Amino acid sequence: MAEADKDLPKYMCLPGKTQFELAQSIDAAMEAAELMNENTQNQACFQICSDQLMDQLQEEYGLDLSKILKNRPVHDKHVLKQDMLSMIEICGAQFKIMKAQRTDLQDFKSSFEHILKRSLQDALDIMISKGIWRFDLQRTLQEIQVRVQDALKQYRFK
């Protein structure tokens, strides 16, 4: 009998735990790991979206937004939305400087909106290729996009 006990995995030989208690402990650990993995995926998705938008805005307006905005990781949708909203004013000012004489507000708005849509699509493509795409994340990013577009409609040059 002692020989058979050696072959059992360590968790099967723990004293004082019933199989039910052991199963509950394992389930709780797995749920915690899944939640941590989901949070990590969320952060990665929001960071990808932010990076894509900053890269495309840098290409269009010649701004290194990572140096202008607070250099912080994008942990959640609120940080992403706040950063995206602050990009409107910064890019609007740069657009006005670049176009000097021929500054047209509507040109800026359509340009920024086009970049916003393209960067979201690129971010979704990257998320799919990395295997971290989820419908709920896509919906959240689209909701943020709509809020940024609404803010863009209200934007006026200063």
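Within every chain, residues take consecutive numbers counted from 1 along the sequence as written. Reporting of local features is limited, given that this is a predicted model, to residues whose pLDDT is at least 70; pairs of side-chain atoms are given and counted only at 80 or more, and all residues count toward the totals for whole chains, interfaces and linings. To obtain the side-chain values, all non-hydrogen atoms of the structure were included, while hydrogens and water were left out.

## Section: the overall build of the chain
Just so we agree on the cut-off: The way it works is that DSSP assigns letters per residue, a run of H or I at least four long becomes a helix, a run of E at least two long becomes a strand, and they are numbered from the N terminus. For every residue, the accessible area (1.4 Å probe, protein chains only) is compared with the maximum for its type, and the residue is labelled buried under 20%, exposed over 50%, or partly exposed between those bounds. For accessible areas, the Shrake-Rupley method is used with a probe of radius 1.4 Å. Any residue's cover is judged against the shown protein chains and nothing else.
A tally of helices and strands in the chain yields six helices and zero strands. Along the chain, from the amino end to the carboxyl end, the secondary structure elements read α-α-α-α-α-α. A total of 158 residues make up the chain; the buried ones form 32% of that total. Accessible area of the chain: about 10,400 Å², with a carbon and sulfur share of 53%.

## Section: the side chain of Ser-119
Selection criterion: We call two residues contacting when some pair of their heavy atoms lies within 4.5 Å.
Along the chain, Ser-119 turns up in helix α5 (residues 105-130). According to the relative accessible area criterion, Ser-119 is buried, its value standing at 1%. Apart from the residues within four sequence positions on either side, Ser-119 is in contact with Gln-52, Leu-53 and Gln-56.

## Section: the environment of Lys-96
Take Lys-96: it is sitting in helix α4 (residues 77-99). Excluding its chain neighbours within four sequence positions, the residues that come into contact with Lys-96 are Thr-103, Phe-157 and Lys-158.

## Some remarks on a nonpolar patch on the surface
Formally: Note that patches include only residues with greater than 30% relative accessible area and no salt bridge, and the join distances are 9 Å for like charges and 5 Å for nonpolar side chains (Val, Leu, Ile, Met, Phe, Trp, Tyr). Definition used for salt bridges: Asp or Glu carboxyl oxygen within 4 Å of a side-chain nitrogen of Lys or Arg.
There is a patch of nonpolar side chains on the surface, built from Ile-128, Trp-133 and Phe-135 and spanning about 330 Å² of accessible area. With respect to the helices, strands and loops of the structure, Ile-128 is situated in helix α5. Among the residues examined, Ile-128 registers a relative accessible area of 53% and is labelled exposed.

## Comments concerning helix α6 (residues 135-154)
Along an α-helix, a turn takes 3.6 residues, which lines up residues three or four apart on a common side. What counts is decided by this rule: Multiplying one less than the number of residues by 1.5 Å gives the expected span of a helix.
Here α6 contains 20 residues, and its C-alpha end-to-end distance of 29 Å stays within 8% of the 28 Å for a straight helix at 1.5 Å per residue. Where α6 is concerned, the buried positions are Leu-137, Gln-138, Thr-140, Leu-141, Ile-144, Gln-145, Val-148, Gln-149 and Leu-152.

## What about the nonpolar core?
Filter applied, for reference: Here, nonpolar core means buried Ala, Val, Leu, Ile, Met, Phe, Trp, Tyr and Cys residues that are tied together by side-chain atoms lying within 4.5 Å of each other.
Of all hydrophobic cores here, the largest spans 35 residues; its most connected members are Leu-57, Tyr-61, Phe-108 and Phe-112. Mapped onto this core, the elements with two or more residues apiece are α2 (19-61), α4, α5 and α6. Top element by residues in this core is α5. It accounts for nine residues. Residues in contact with Leu-57, not counting those within four places in the same chain, are Gly-62, Leu-63, Leu-65, Met-87, Cys-91, Phe-112 and Ile-115.

## Some points on the pattern of salt bridges
Taken as a whole and judged by the stated rule, the model has two salt bridges. One salt bridge connects Glu-113 with Lys-117, and the closest N-O pair in it is separated by 3.8 Å. Here Lys-117 and Glu-113 lie together in helix α5, a separation of four residues that amounts to about one turn. With relative accessibility at 45%, the residue Lys-117 sits in the partly exposed group.

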